[in-house]
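Structural overview
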Amino acid sequence: MAADTLPSRPDPLRALLRRMPKAELHLHIEGSLEPELIFRLAARNGVKLPYPSVEALRAAYAFTDLQSFLDLYYAGASVLLKEEDFFDLAFAYFERAAADNVVHAEIFFDPQTHTARGVPMAAVVHGLAHACQRAHAEYGISSALVLCFLRHLSEDDAFATLEAALPHRQHFIGVGLDSSERGHPPEKFARVFARARELGLHLVAHAGEEGPAATIETALDVLKVERIDHGVRCTESPALIERLARQRVPLTVCPLSNVKLCVVPDLAAHPLPALLDAGLCATINSDDPAYFGGYVVDNYLQLFAAHPRMGVQQARQLALNSFEASFVGAEQKARWARELDAVIERLAG
Ligand code: ADE
Ligand code: ZN
């Protein structure tokens, strides 16, 4: 059922979730590659796909865990070859983000997925950066790129990737860590994160998605990350929840992703409302929207529909958290907070 037709929530709340300004901080640009665009780019680039149609490809999106998704996600990215492909990919995301009233996006990209296939780093970064500039000009959306290291590859490979990206340093603000969590703990990347820190880059990492709560602590203490991507398995440790709340460590949570990858059985069982109650700086994001059935507003709408006790107060807190957790200055955060309250006054006051 489409989120907008979910009967259980009042219209003004749905309008607020859609219309309120928000930041998106956990979005893999390769995960916004819709099947239609995969087919269009495959035709443009002469890439043969193992699926006969968009519908057949979409039908394959039934995942049992993170790895079963990653296998398809990396295969999908094989149609991205030229700078204009990366531009088209990112600009298509920004069109969806504008419709969702995203005012700011911090966007992950996985250069190793592309450079391993012979795509130049410059084509990846320039195509994405160009789309970021165009999105600002056309939609007023500010954005920044975060380079993710693939944790199933070696730390040496991550070092080589950082080195190859440094000529484009002005186009990205930080580094992250994604891909298969099992068997690839944060400490595997301690040295390359230390180097990124010396370079003045922001640091984030996926942790506590499939891995246990202890990996969240390692990401904080060894990698010294400023935000945790996912982090939902912090619920296994009351002491860690207390720490995350006290230190206001943001969690970039992705509810639909967690259901599709079987991290939680369903949205009703999702821990995000409890994390908000515990005072954490939890945010809502879409992760890989083309694969998980919804962009950021779909995540808000469906989570709120599954938790009838969530209302205007939680909506406001989540938007404020998204600004607080972003890597922008305090004045801009205050401006967005004022815009948020004006929208709440208009729609729910
Ligand atoms: N890469 C893209 N989406 C991811 C996720 N949810 N977890 C880890 N790596 C990813
Ligand atoms: Zn992710």
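Above: the structure in question.
Residue positions are given per chain, counted from 1 along the sequence in the order it is written. In the order they appear in the text, chains get letters beginning with A and ligands get numbers beginning with 1. Two thresholds apply to this predicted model, a pLDDT of at least 70 for residue-level local features and 80 or more for giving and counting side-chain atom pairs, whereas whole-chain, interface and lining totals are computed over all residues. Note that the side-chain values use all heavy atoms of the structure and ignore hydrogens as well as water.

Examining the site of ligand 1
- What makes a residue near a molecule or strand is one non-hydrogen atom of that residue sitting within 4 Å of it. Taken together, His28, Leu66, Phe69, Leu70, Tyr73, Asp178, Ser179, His206, Glu209, His230, Asp287 and Asp288 make up the full set of residues near ligand 1.
- Polar contact criterion, stated in full: a pair of N or O atoms within 3.5 Å, where within protein one must be able to donate a hydrogen and the other to accept it, and residues adjacent in sequence count only if both atoms are side-chain atoms. Within the contact set of ligand 1, a nitrogen atom lies 3.4 Å away from a side-chain nitrogen or oxygen of His28.
- A distance of 2.7 Å separates a nitrogen atom of ligand 1 from a polar atom in the side chain of Asp288.
- Using a 1.4 Å probe, the Shrake-Rupley method yields the accessible areas, and only the shown protein chains count as cover for residues. Burial of ligand 1 by the protein chains amounts to 100% of its free accessible area of 260 Å².
- With four residues, helix H4 (residues 66-76) is the single largest residue contributor to the shell around ligand 1.
- Amino acids are sorted into nonpolar (Ala, Val, Leu, Ile, Met, Phe, Trp, Tyr, Cys and Pro), charged (Asp, Glu, Lys and Arg) and polar (every other residue, Gly among them). For the shell around ligand 1, the per-class residue count stands at four nonpolar, four polar and four charged. Each helix is a run of DSSP H or I of at least 4 residues and each strand a run of E of at least 2, with the numbering of both proceeding from the N terminus.

Side note on the sheet that holds strand E6 (residues 227-230)
- Following DSSP output, two strands are said to pair if at least two bridges run between them. Overall, parallel pairing links the eight strands, which are arranged E1-E2-E3-E4-E5-E6-E7-E8 in an open sheet. Two strands close off the open sheet at either side, each with one partner strand: strand E1 (22-28) and strand E8 (282-284). Here the average twist between neighbouring strands, direction ignored, is 25°.
- Note: strand E4 (residues 174-178) against strand E5 (residues 202-207), two bridges, orientation parallel. Counted as the bridge partner of Val175 is Leu203 from E5.
- Across the sheet, helix H10 (residues 213-223) touches E4, E5 and E6, and the angle it forms with E5 is around 160°. Helix axes are fitted to C-alpha atoms over the stretch in contact, other axes to C-alpha atoms as well, and angles between N-to-C directions run from 0 to 180 degrees. Residue contacts follow a heavy-atom distance rule, with two residues in contact if any of their heavy atoms lie within 4.5 Å.

Section: the pattern of salt bridges
- By convention in these notes, a salt bridge is any Lys or Arg side-chain nitrogen within 4 Å of a carboxyl oxygen on Asp or Glu. Enumeration over the complete set of coordinates arrives at 19 salt bridges.
- In this structure, Arg243 engages Asp221 in a salt bridge whose closest nitrogen and oxygen atoms are separated by 2.7 Å. Of this pair, Arg243 sits in helix H11 (residues 238-246) while Asp221 sits in helix H10, placing them 22 residues apart in sequence.
- In this scheme, a residue with accessible area under 20% of its type's maximum is buried, one over 50% is exposed, and one in between is partly exposed, where area comes from a 1.4 Å probe on protein chains only. Given the relative accessible area of 42%, Asp221 is considered partly exposed.

Examining unusual backbone geometry
- Positioned with a positive phi, His230 is a non-glycine residue whose angle comes to about 75°.
- Residue position: His230 is located in strand E6.
- On the basis of relative accessible area, His230 is assigned to the buried category, the value being 0%.
- Here Arg248, not a glycine, exhibits a phi torsion of approximately 50°, which is positive.
- The class for Arg248 is partly exposed, based on a relative accessible area of 30%.

A few points about the coordination of the zinc ion (ligand 2)
- Coordinating N, O and S atoms are those within 2.8 Å of the metal (3.2 Å for Na, K and Ca), and as water is not part of the atoms, a site may appear to have fewer donors than expected. Every protein donor of the zinc ion (ligand 2) is accounted for by His26 (NE2), His28 (NE2), His206 (NE2) and Asp287 (OD), and the metal-donor separations fall at 2.0 to 2.3 Å.
- Geometry is assigned from the angles between donors: four donors with all angles from 85 to 135 degrees make a tetrahedral site, four or six donors whose opposite pairs exceed 155 degrees while the rest stay between 65 and 115 make square planar or octahedral sites respectively, and everything else is labelled irregular. Its four donor atoms give the zinc ion (ligand 2) angles of 83 to 175° at the centre, a pattern that matches the irregular case.

Focus: the environment of Asn101
- Take Asn101: it is sitting in the loop between helix H5 (83-99) and strand E2 (102-109).
- The partly exposed category is assigned to Asn101, whose relative accessible area is 28%.
- Once residues lying within four places of it in the same chain are set aside, the contact partners of Asn101 are Arg18, Arg19, Met20, Pro21 and Lys22.

Overview of the pairing of strand E3 (residues 142-150)
- The buried fraction of E3 is high, at seven of nine residues.
- The pairing of E2 with E3 spans six bridges and is parallel. By the bridge assignment, Ile107 is partnered in E3 with Leu145.
- In this sheet, E4 lies alongside E3 in parallel orientation, the contact comprising five bridges. When the bridges of E4 are listed, Phe149 appears paired with Leu177.
- Orient the strands so they point away from the viewer; a crossover is then right-handed if the path from the first strand over the helix to the second runs clockwise. The handedness of the E3 to E4 crossover, carried by helix H8 (residues 155-165), is right-handed.

A few points about helix H9 (residues 190-198)
- Among all positions in H9, only Val192, Phe193 and Ala196 are buried. For H9, the angular spread of buried residues about the axis comes to 100°, placing them on one side.
- Against the buried residues of H9 lie E3, H8, E4, E5 and H10.
- In the stretch just after H9, Gly200 is the one whose phi turns positive, near 85°. Of all possible arcs, the one meant is that of the directions from the helix axis to the C-beta atoms.

Digging into the packing of H8 against H9
- Contact pair H8 / H9: the axes reach a minimum separation of 9 Å and the direction vectors enclose 20°. Between H8 and H9, the angle is such that the two are roughly parallel. Of the residues in H9, those in contact with Glu155, Asp156, Ala158, Phe159 and Leu162 of H8 are Ala190, Arg191, Val192, Arg195 and Ala196. By the definition adopted for this analysis, an angle is roughly parallel if under 35 degrees, roughly antiparallel if over 145, roughly perpendicular if from 65 to 115, and oblique otherwise.

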